[in-house]
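Take a look at the letters that make up each chain.
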Amino acid sequence: MTIWWLILILSFILAGGLAFIYVAIRLSRVTTEKKSLEDFENAAEKDVEHIFNDEFREELRNRGRLHFEKILGENAMFLQQDLRLTTSQLNDYMKDEITKELKEAFANYESAITDAKQLAVESIEKTKATIDEQRKVLTAQLEKEVADEKLRRITRFDENMADVVNHYVLAAIGNQIDLNDQLEYILGELEANKKYILEDVKNGA
Amino acid sequence: MALEHQKSGARSLELPVLIFGPVEIHRLQRELESLEDYMTQANIREKGKQAPLPKTSRLLEGLAGNNNFNLLLAEDRKKLATFLKNVGMKAPVIHISFAADPSSAFTAKIVAWFRTNIHPYALVQLGLQPSIAAGCVVRTSNKSFDFSLRNRFHDKRALLLESIEGGAKVSGVAK
């Protein structure tokens, strides 16, 4: 049995050595392929750098700049033309709109002014009529008051005439009327009213 | 009051016309009181050392003389005082206003008329009212009698108006 075991172990060892060798060979192949690919890439890069060198790039840049400037100039010209056209149209539009608005506004103003004028005229006419009416009323009232005042003054004069005459007499000859000259008149009046005086004195006492 | 005296049998006293108003009555009462005081003081003092007798007013002398009273007698003085007190309290007072201040003679005549016709002890209170121009205004306790020229003008206003209108017409025709 030990031999069989030994043979089996040696077989396993041999198989493992063979597998190791195989794997090593495979790995060496893959590394070789990678190296060749990198070489290709490096070569292409070197060629590109060789083709697209600085001069060529500068040439391309100049051509691109010129082309860009050309396109930019053309577009600017178109834009300017469009802008002018648009400005012109906008001006016309604005003129038309403003004229229209102004016409409407002036029409409204004119209408409003006409209405206001009409109202003012009507108001003035009404005021004038009222003033005329009031003037008539005031005139009538004033005439009535003047007539009343005249009548009142005449009445007052009539009523106070005695006082006026008395005042006049008093002012004219008041100092010259002697009481002794009036004695007879006073005694006569007292005598005439003696009955009433006596009666009142009796009643009062 | 005179009637009361006659009914009671007492002698009726005379009130001179110079004593015409309440003011004079009060003045006489004060004078009588002064005299009474003097007499009392003279009786108290020693004989020969009395103060000289005060001079009495003309009104008091007239009142006493007219009624035969002796002012040196206490009884007469008492009667006079009582009389003046009664007159001052009971006599009717008549107000009379003139345009100017009346003279004493004029006042005496007016007072005499009132004493003769209205009441023997009637007292007159004088007033001054220049606005009445002429005449007088008499006022008793309840009534007023206007005998002034102003009132006469009021009464004759119609005549005055007629005269003025007549004058105006004449003046208008003349123009």
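Predicted, not measured: the structure shown is a model, and the values here were computed from it.

### Examining the overall build of chain B
In step 1: Scanning chain B from N- to C-terminus turns up 7 helices and 4 strands.
In step 2: Put simply, chain B runs from its N terminus to its C terminus through helices and strands in the order α-α-α-α-β-α-β-β-β-α-α.
In step 3: Each of the 175 residues in chain B was classed as buried or not, and the buried ones make up 39%.
In step 4: Here the contacts in chain B between residues at least 6 apart in sequence split such that 66% fall between residues at least 24 apart.

### Brief notes about the overall build of chain A
In step 1: For chain A, the helix and strand inventory stands at 4 helices and 0 strands.
In step 2: From first element to last, N terminus to C terminus, chain A shows the α and β order α-α-α-α.
In step 3: Each of the 205 residues in chain A was classed as buried or not, and the buried ones make up 8%.

### So, helix α3 (residues 58-66) of chain B
All names here are of chain B.
In step 1: Among the residues making up α3, those that are buried are Leu59, Leu60, Leu63 and Ala64. Along α3, the residues classed as buried sweep out an arc of 125° about the axis, all on the same side.
In step 2: For α3, the secondary structure elements touched by its buried residues are α2 (22-44) and α4 (74-90).
In step 3: Following α3 by one or two positions, Asn68 adopts a phi angle in the positive range, close to 55°.

### Re the interface of chain A and chain B
In step 1: Counting from both sides, the interface comprises 28 residues of chain A and, opposite them, 38 residues of chain B.
In step 2: Interface area, chain A with chain B, both sides summed: about 3,100 Å², of which 72% is carbon and sulfur.
In step 3: If you look at where chain A meets chain B, you find 0 salt bridges.
In step 4: Our enumeration of links across chain A and chain B arrives at 7 residue pairs in polar contact (both at pLDDT 80 or more).
In step 5: Secondary structure elements with two or more residues in the side of chain A that touches chain B: α2 (54-173), α3 (179-192) and α4 (194-204) of chain A.

### Focus: the side chain of B:Arg77
In step 1: Position of B:Arg77 among the secondary structure elements: in helix α4.
In step 2: Those residues in contact with B:Arg77 that sit more than four places away from it in its chain are B:Leu32, B:Leu35, B:Glu36, B:Met39, B:Leu71 and B:Leu72.

### Details of the environment of B:Leu15
In step 1: Mapped onto the elements of the fold, B:Leu15 is located in the loop between α1 (2-8) and α2.
In step 2: Remark: the alpha-carbon pair of B:Leu15 and B:Phe83, spanning 68 residues in sequence, is separated by 9.6 Å.

### What about the nonpolar core?
In step 1: Grouped together as the largest cluster of nonpolar side chains are 23 residues, with contacts concentrated most on B:Leu15, B:Leu63, B:Phe83 and B:Val87.
In step 2: Counting only elements with at least two residues in this core, the list comes to α2, α3 and α4 of chain B.
In step 3: In terms of residue count, the dominant contributor to this core is α2(B) (7 residues).
In step 4: If near-sequence neighbours (up to four positions away) are discounted, B:Leu15 is found in contact with B:Ile25, B:Leu63, B:Phe83, B:Val87, B:Arg115, B:Tyr121 and B:Leu123.
In step 5: Residues A:Ile197, B:Phe20, B:Trp113 and B:Val124 belong to the second largest nonpolar core, which totals 22 residues.

### Focus: the sheet that holds strand β1 (residues 93-98) of chain B
All names here are of chain B.
In step 1: Pairing in this open sheet of 4 strands is mixed, and the strands run β2-β1-β3-β4 from one edge to the other. Edge positions in the sheet fall to β2 (123-128) and β4 (144-146), since each of these pairs with one other strand and no more. Between one strand axis and the next, the sheet turns through 20° on average, direction left out of account.
In step 2: In this structure, strand β3 (residues 136-139) lies alongside β4, joined through 3 bridges in antiparallel fashion. When the bridges of β4 are listed, Val137 appears paired with Asp146.

### Notes on the pairing of β3(B)
Residue and element names in this part refer to chain B.
In step 1: One ladder, built from 4 bridges, connects β1 with β3; its direction is antiparallel. Within β3, the residue paired with His95 across the bridge is Arg139.
In step 2: From the end of β3 to the start of β4, which pair antiparallel, there are 4 residues.

### Some remarks on a nonpolar patch on the surface
In step 1: Taken together, the side chains of A:Leu90, A:Tyr93, A:Met94, A:Ile98, A:Leu102, A:Phe106, A:Tyr109 and A:Ile113 define a hydrophobic patch exposed on the protein surface, amounting to about 880 Å² of accessible area.
In step 2: Mapped onto the fold, A:Tyr109 is located in helix α2.

### What to know about α4(B)
Residues and elements named next belong to chain B.
In step 1: Here α4 spans 24 Å end to end across 17 residues, near enough to the 24 Å set by a 1.5 Å rise per residue.
In step 2: Turning to α4, its buried residues number three or more, namely Asp76, Arg77, Leu80, Phe83, Leu84 and Val87. Looking straight down α4, one finds its buried side chains confined to an arc of 125°; they lie on one side. In this structure, α4 carries Glu75, Lys78 and Met89 as exposed residues pointing more than 90 degrees from its buried face.
In step 3: Residues of α4 that are buried in the fold lie against α2, α3 and β2.

### Section: the pattern of salt bridges
In step 1: Within this structure, the stated rule accounts for 7 salt bridges over all chains.
In step 2: As a salt-bridge pair, A:Arg135 and A:Asp132 come within 3.9 Å of each other at their nearest N and O atoms. A residue pair is termed a helical-turn pair when its members lie 3 or 4 positions apart in one helix, as A:Arg135 and A:Asp132 do in helix α2 at 3 residues.
In step 3: Between B:Arg77 and B:Glu36 there is a salt bridge, with its nearest N and O atoms 2.8 Å apart. Taken as a pair, B:Arg77 in helix α4 and B:Glu36 in helix α2 lie far apart in primary sequence, 41 residues in all.

Criteria and cut-off values
- Residues numbered from 1 in each chain as written.
- Chains lettered and ligands numbered in written order.
- Predicted model: local features only at pLDDT ≥ 70, side-chain atom pairs only at ≥ 80, totals over all residues.
- Heavy atoms only, no water.
- Helix = DSSP H or I, 4+ residues; strand = E, 2+ residues; numbered from the N terminus.
- Buried < 20%, exposed > 50% of the residue type's maximum accessible area, 1.4 Å probe, protein only.
- Contact = heavy atoms within 4.5 Å.
- Arc of directions from axis to C-beta.
- Buried area = accessible area lost by both parts, 1.4 Å probe.
- Salt bridge = Lys/Arg side-chain N within 4 Å of Asp/Glu carboxyl O.
- Polar contact = N/O pair within 3.5 Å; in protein donor to acceptor, adjacent residues only side chain to side chain.
- Core = buried A, V, L, I, M, F, W, Y, C linked by side-chain atoms within 4.5 Å.
- Pairing = 2+ DSSP bridges.
- Axes fitted to C-alpha atoms, helices over the stretch in contact; angles between N-to-C directions.
- Patch = residues over 30% accessible without salt bridge, like charges linked within 9 Å, V, L, I, M, F, W, Y side chains within 5 Å.
- Areas by Shrake-Rupley, 256 points an atom, 1.4 Å probe, with all protein chains shown as cover.
- Expected span 1.5 Å × (residues − 1).

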